[in-house]
Amino acid sequence: MIHNINLRYKFFGDFYIGDDFLQAGETTLNKLLNTSRQFIVPIFQRNYSWQKSQYEQLWFDILRASKFKEKQNHFIGSIVYIDMGTPAGRPQQLLLIDGQQRLTTISILLCAIKDYVQKFDLKTKFINLAKIKNQFLYNSDEIDEDRYKLLLNVQDKETYIKLVDDILFTVNKPATNIIKCYEFFYAQIEEYVKQHGQIDDIYTGIFKLSLVSISLDKDSDNPQMIFESMNSTGKDLSQTDLLRNYLLMDLTPEKQTRLYKTYWKPMEELFGEDIYKNDVNKFDYFIRDFLTLKSDTGYICKINNVYENFKRYYLDNNCEKFAVLKDLFTYAKYYACIDLLQEKDDELKLYWQEFKKLDSHVVYPFLLKLYDDYSHQILIKEDFKKILQVVISYLWRRAICEIPTNSLSKTFATLYQAVDKEDYVNSIIKAFVFKSSYKRFPSDYEVREKLQTKDIYHFRLRKYLLEALENYYHKEPIDLNTANYTIEHIMPQNIEHNLSWQQMLGEDWQEVHSLYLHSLGNLTITGYNAEMSNKSFWEKVNGESGFKHSHLKLNESIAQCDVWNKKAIQRRTNILTDIILKIWKYPEF
C-alpha cells in the first residue's frame, strides 16, 4: 500500500512537504526487519530517552493488537530513514531520521522475550529462539557490528549490543534508560505468563504492529526539514534536540563525528544527564543567553522559541557550523562555571554562589561577556571581582527596596554596550550610578529607610541576608541551608496572652509588636528555635540555650541587653544596617 506523505500534516501516515510528494509504504515490523539491513542511529541523534509512560503505552497497544482479527493491524507511527545504499558484502545501510525511539523500544522488548524464552527453553507454534534472533535482532550472515539490525548512537551502542548478545553484565557504564525499559518489559512478560500461562499473545501483538516506512533520497531530499516537520506519537523533541540536529544533520558522517566529539558531546557532559530530560532545561536557558549576548539590541527570546531564534541568528549572520559550535562550546564552559558551579577558581566560585543565592538569571548574558573578556585577559581578575561585587550590590539593594524586577532583563542584556575597555571598571560603575527611576541603584539613605520597618521575615532573601551578616565576622562562613540553624524572632510572634512581653514593650505594645515583629532588628539565627519559642526575654538571654551561650556573632549584642523594646530593636536595626551598607556597597568611581 502506497501513501503520499505530507510532512506538515499527518493523517495516519499521510504526508507531503510543500509541493513535493514523497512515496512511503505501510509495513509491519516483520517486513521492516526480516531482511539483511541495518538501521543506524546517527551520532547527532539524542540518546534513548523513552520513559515508563511511553513504553507502558506500547505494551498495552501490543496486548490489544494481539486480540485483533487476522488482517487488522495497530498503527504506531512512522520510521523515516535515509537509504545510504548497500556496500559490497554488507547489509543495506539505513540512517534513521525519525522513529528511532520507537524502534529501539520494540527491539528492547524483543530482547526481553528472547531472554525469557531462552531461560525457560520455550518453543511454541509461534516462538523459538532462532526466529526471534534472526528475524528481528541479527543479520545472521554478517559479522562484527554488521550483525545487528539496529545500531544505536555512541552513548547507547554498547549497552544495546550487549543486551542483544546476553552479556549485559560486562558493560562498564550502562545506559540507564535502556536498562529500565528492559527490566519493565521482562517483569511484564513474567506477570503475563503467570496469569495467562503462555507468551504467544505478546509475540502475536508485535506482528500486528504497522508503521509507515518513509525512505529519503540522500542526494535530493531535505532530512532536516523533514525531521522538524515530523510530529511523532512518542516523546516530543526538545529545543536541544532540534538545535543539535540542525547543526549536525546535513553534514557528512565524518564531519558529524568530528564536530560532535569535539564540541557537542563535551557540551552535553558539561550540562549532565538532565540536558534532555525536561521540556525546558538549563541548556535551553544557556542558548537563550547566548542569543541575547549576540544581539545588538539585547533582544531576549521566549524560552520555548530558542530553536527558531537560533536558526534566525545562524542564517542572518551567515554562520559556519564549525565556527558557531566552537563559539557555543566556549560560552558553554563559562556558563558551566557560573550556573553549574564548575568553576575551578575558588575566589570566583564564591561570587557564582552569591548569584545563585540571589536567584537572578537575568544577569547571565552580561556575566558571560565579562567572563569572555576575563578569559582573553582583557579584564584582569581583580577588576572582574570588583564588577561582580557591584552587580551583586545592585541586585540586592533593588530587592531590599522592592523595586520591580521587570526592567532587569533589558538592563543586563544591554549593559555590556557601556563598557570602555580602557577604563573597564569605572565605565560599568558609571553606567550603574547614572541609572534613574525604576532602573536606579538605591542609595544608602534609601536602603536605611527601607530597613527600619521592612518585613524581613517574609523577604525571599532573608536567609541570604542573615547569613551574610553573620559571616561578616567569620573567616569560616556558615551556610544556613545546610547548618542546623533557623530564623528566630526575639520578640515572639504571639504575645497576646504573654504579660511579661507586654509589660516590657510598654503601653503601646500592640503597635510595637505589629510594626517591628518581622523587622531586621528583631530577627536572628539560632539552633534552638523550638526551645526558645514564646519564652520571656530574660529566659531567651540567660537560659541553657540562650543568647549568652551562643557562639554566633549576631546574638552578641542581644545578650548584652537588659530589655527588648522598640528602642532596642531600632538600635540593633541601625547597627546591622551599617554592616549591610558595607557588605553591599554603593559604588564609587
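Model, not experiment: these values are computed from the prediction.

Conventions adopted
Residues numbered from 1 in each chain as written. Predicted model: local features only at pLDDT ≥ 70, side-chain atom pairs only at ≥ 80, totals over all residues. Heavy atoms only, no water. Helix = DSSP H or I, 4+ residues; strand = E, 2+ residues; numbered from the N terminus. Rg over C-alpha atoms; globule rule 2.2 N^0.38 Å. Buried < 20%, exposed > 50% of the residue type's maximum accessible area, 1.4 Å probe, protein only. Areas by Shrake-Rupley, 256 points an atom, 1.4 Å probe, with all protein chains shown as cover. Lys, Arg positive; Asp, Glu negative; His and termini not counted. Charge placed at Lys NZ, Arg CZ, Asp CG, Glu CD. Contact = heavy atoms within 4.5 Å. Phe/Tyr/Trp six-rings, centres within 6.5 Å; stacked < 30°, edge-to-face > 60°. Lys NZ or Arg CZ within 6 Å of the ring centre and 35° of its normal. Axes fitted to C-alpha atoms, helices over the stretch in contact; angles between N-to-C directions. Parallel < 35°, antiparallel > 145°, perpendicular 65-115°, else oblique. Nonpolar A, V, L, I, M, F, W, Y, C, P; charged D, E, K, R; others polar. Salt bridge = Lys/Arg side-chain N within 4 Å of Asp/Glu carboxyl O. Core = buried A, V, L, I, M, F, W, Y, C linked by side-chain atoms within 4.5 Å. Polar contact = N/O pair within 3.5 Å; in protein donor to acceptor, adjacent residues only side chain to side chain. Left-handed = near helix turned anticlockwise from the far one by under 90°. pLDDT = per-residue confidence, 0-100. Disulfide = S-S within 2.5 Å.

**As for the overall build of the protein**
Link 1 in the chain: Along the backbone of the protein there are 26 helices and 9 strands.
Link 2 in the chain: The C-alpha radius of gyration of the protein comes to 32 Å, more than 25% above the 25 Å expected for a compact globule of 589 residues.
Link 3 in the chain: In terms of overall dimensions, the protein has a C-alpha envelope of 95 × 65 × 40 Å along the principal axes.
Link 4 in the chain: With 589 residues in all, the protein has 53% of them scored as buried.
Link 5 in the chain: Entry remark: accessible area of the protein is about 28600 Å², with carbon and sulfur atoms responsible for 48%.
Link 6 in the chain: The positive charge centre, built from 76 side chains, and the negative charge centre, built from 80, are 1 Å apart in the protein.

**Quick look at unusual backbone geometry**
Link 1 in the chain: The phi dihedral of Leu-341 falls on the positive side, at around 55 degrees, and the residue is not glycine.
Link 2 in the chain: Unlike most non-glycine residues, Glu-402 shows phi in positive territory, near 60 degrees.
Link 3 in the chain: The topology assignment puts Glu-402 in the loop between helix 16 (381-400) and helix 17 (408-414).
Link 4 in the chain: The partly exposed category is assigned to Glu-402, whose relative accessible area is 49%.

**Quick notes on helix 7 (residues 200-207)**
Link 1 in the chain: Taken residue by residue, helix 7 has Asp-200, Ile-202, Tyr-203, Gly-205 and Ile-206 as its buried positions.
Link 2 in the chain: Elements that come into contact with the buried residues of helix 7 comprise helix 1 (29-33), helix 2 (52-65), helix 3 (100-120), helix 4 (129-137), helix 6 (176-196) and strand 7 (209-217).

**Examining the packing of aromatic side chains**
Link 1 in the chain: A full pass over the atoms with the stated rule returns 48 aromatic pairs.
Link 2 in the chain: Ring geometry for Phe-290 versus Tyr-331: centroids 5.8 Å apart, planes at 70 degrees, classification edge-to-face. Here the residue Phe-290 occupies a position in helix 11 (residues 282-294), and Tyr-331 occupies one in helix 13 (residues 321-338), the gap between them amounting to 41 residues. Judged on exposure class, the residue Phe-290 and its partner Tyr-331 are both buried.
Link 3 in the chain: Stacked on the ring of Tyr-246, the Lys or Arg Lys-321 has its end atom at 5.7 Å from the ring centre.

**With respect to the packing of helix 9 (residues 239-248) against helix 11**
Link 1 in the chain: Following both chains from N to C, one finds helix 9 and helix 11 inclined at 60 degrees, their axes separated by 9 Å at the closest point. As the angle between them shows, helix 9 and helix 11 are arranged oblique. Facing helix 9, whose interface residues are Gln-239, Thr-240 and Leu-243, helix 11 presents Phe-283, Asp-284 and Ile-287.
Link 2 in the chain: Of the residues in the contact of helix 9 with helix 11, the class split is 3 nonpolar, 2 polar and 1 charged.

**Considering helix 9**
Link 1 in the chain: Of all the 10 residues making up helix 9, 10 are buried; the element is thus mostly covered by neighbouring parts of the structure.
Link 2 in the chain: Along helix 9, the residues classified as buried are Gln-239, Thr-240, Asp-241, Leu-242, Leu-243, Arg-244, Asn-245, Tyr-246, Leu-247 and Leu-248.

**A look at the pattern of salt bridges**
Link 1 in the chain: Across all of its chains, the model carries 27 salt bridges by this definition.
Link 2 in the chain: For Asp-165, the salt bridge goes to Arg-147, with nearest N and O atoms at 3.8 Å. Residue Asp-165 is located in the loop between helix 5 (154-164) and helix 6, and its partner Arg-147 is located in the loop between helix 4 and strand 6 (150-151); the two are separated by 18 residues in the primary sequence.
Link 3 in the chain: Classification of Arg-147 as partly exposed rests on a relative accessible area of 29%.

**Let's talk about the nonpolar core**
Link 1 in the chain: Among the nonpolar cores identified, the biggest contains 115 residues, and Phe-310 and Trp-396 are the most heavily contacted of them.
Link 2 in the chain: Among residues more than four places away in sequence, those in contact with Trp-396 are Leu-358, Val-447, Phe-459, Leu-461, Tyr-464, Leu-465, Ile-580 and Trp-584.

**Re the environment of Pro-266**
Link 1 in the chain: Position of Pro-266 among the secondary structure elements: in helix 10 (residues 253-271).
Link 2 in the chain: The buried category is assigned to Pro-266, whose relative accessible area is 18%.
Link 3 in the chain: When the C-alpha positions of Pro-266 and Phe-126 are compared, they lie 46 Å apart, and in sequence the two are 140 residues distant.
Link 4 in the chain: Discounting residues that sit within four places of it in the chain, Pro-266 has contacts with Tyr-260, Lys-261 and Phe-329.

**As for the side chain of Arg-46**
Link 1 in the chain: Inspection of the secondary structure puts Arg-46 in the loop between strand 3 (37-40) and helix 2.
Link 2 in the chain: For Arg-46, a relative accessible area of 8% gives the class buried.
Link 3 in the chain: Polar contacts involving the side chain of Arg-46 include one to the side chain of Asp-241, which spans 3.2 Å.

**Considering the side chain of His-513**
Link 1 in the chain: In this fold, His-513 is placed in helix 22 (residues 509-516).
Link 2 in the chain: There is a polar contact of 2.9 Å between the side chain of His-513 and the backbone oxygen of Pro-492.
Link 3 in the chain: Residues within four places of His-513 in sequence aside, it is in contact with Met-491, Pro-492, Gln-493, Asn-494 and Ile-495.

**Comments concerning the packing of helix 12 (residues 306-316) against helix 13**
Link 1 in the chain: Put simply, helix 12 and helix 13 touch, their axes get as near as 11 Å, and they point 125 degrees apart. Between helix 12 and helix 13, the angle is such that the two are oblique. Here helix 12 runs over helix 13; the crossing is right-handed. Here Phe-310, Tyr-313 and Tyr-314 of helix 12 lie close against helix 13, whose contacting residues are Lys-321, Val-324, Asp-327 and Leu-328.

**Quick notes on the environment of Gln-502**
Link 1 in the chain: Within the fold, Gln-502 resides in helix 21 (residues 499-505).
Link 2 in the chain: For Gln-502, a relative accessible area of 15% corresponds to the buried category.
Link 3 in the chain: Along the chain, Gln-502 and Val-512 lie 10 residues apart, while their C-alpha atoms are 9.9 Å from each other.
Link 4 in the chain: Beyond its immediate chain neighbours, meaning those up to four positions away, Gln-502 contacts Ile-495, Glu-496, His-497 and Trp-509.

**Some words on the confidence of the model for the protein**
Link 1 in the chain: In this model, the protein carries a mean pLDDT of 88, and residues with pLDDT of at least 70 account for 91%.
Link 2 in the chain: Here residues 1-21 scores under 50 on pLDDT; set against residues more than four positions off or in separate chains, the count is 55 contacts.

**Concerning the state of the cysteines**
Among covalent bonds in proteins, the disulfide is the one between the sulfur atoms of two cysteines.
Link 1 in the chain: Under the defined criterion, the tally for this structure stands at 0 disulfides.
Link 2 in the chain: Unpaired in terms of disulfides, Cys-301 finds its nearest cysteine sulfur in Cys-319, a separation of 15 Å.
Link 3 in the chain: Among the residues examined, Cys-301 registers a relative accessible area of 4% and is labelled buried.

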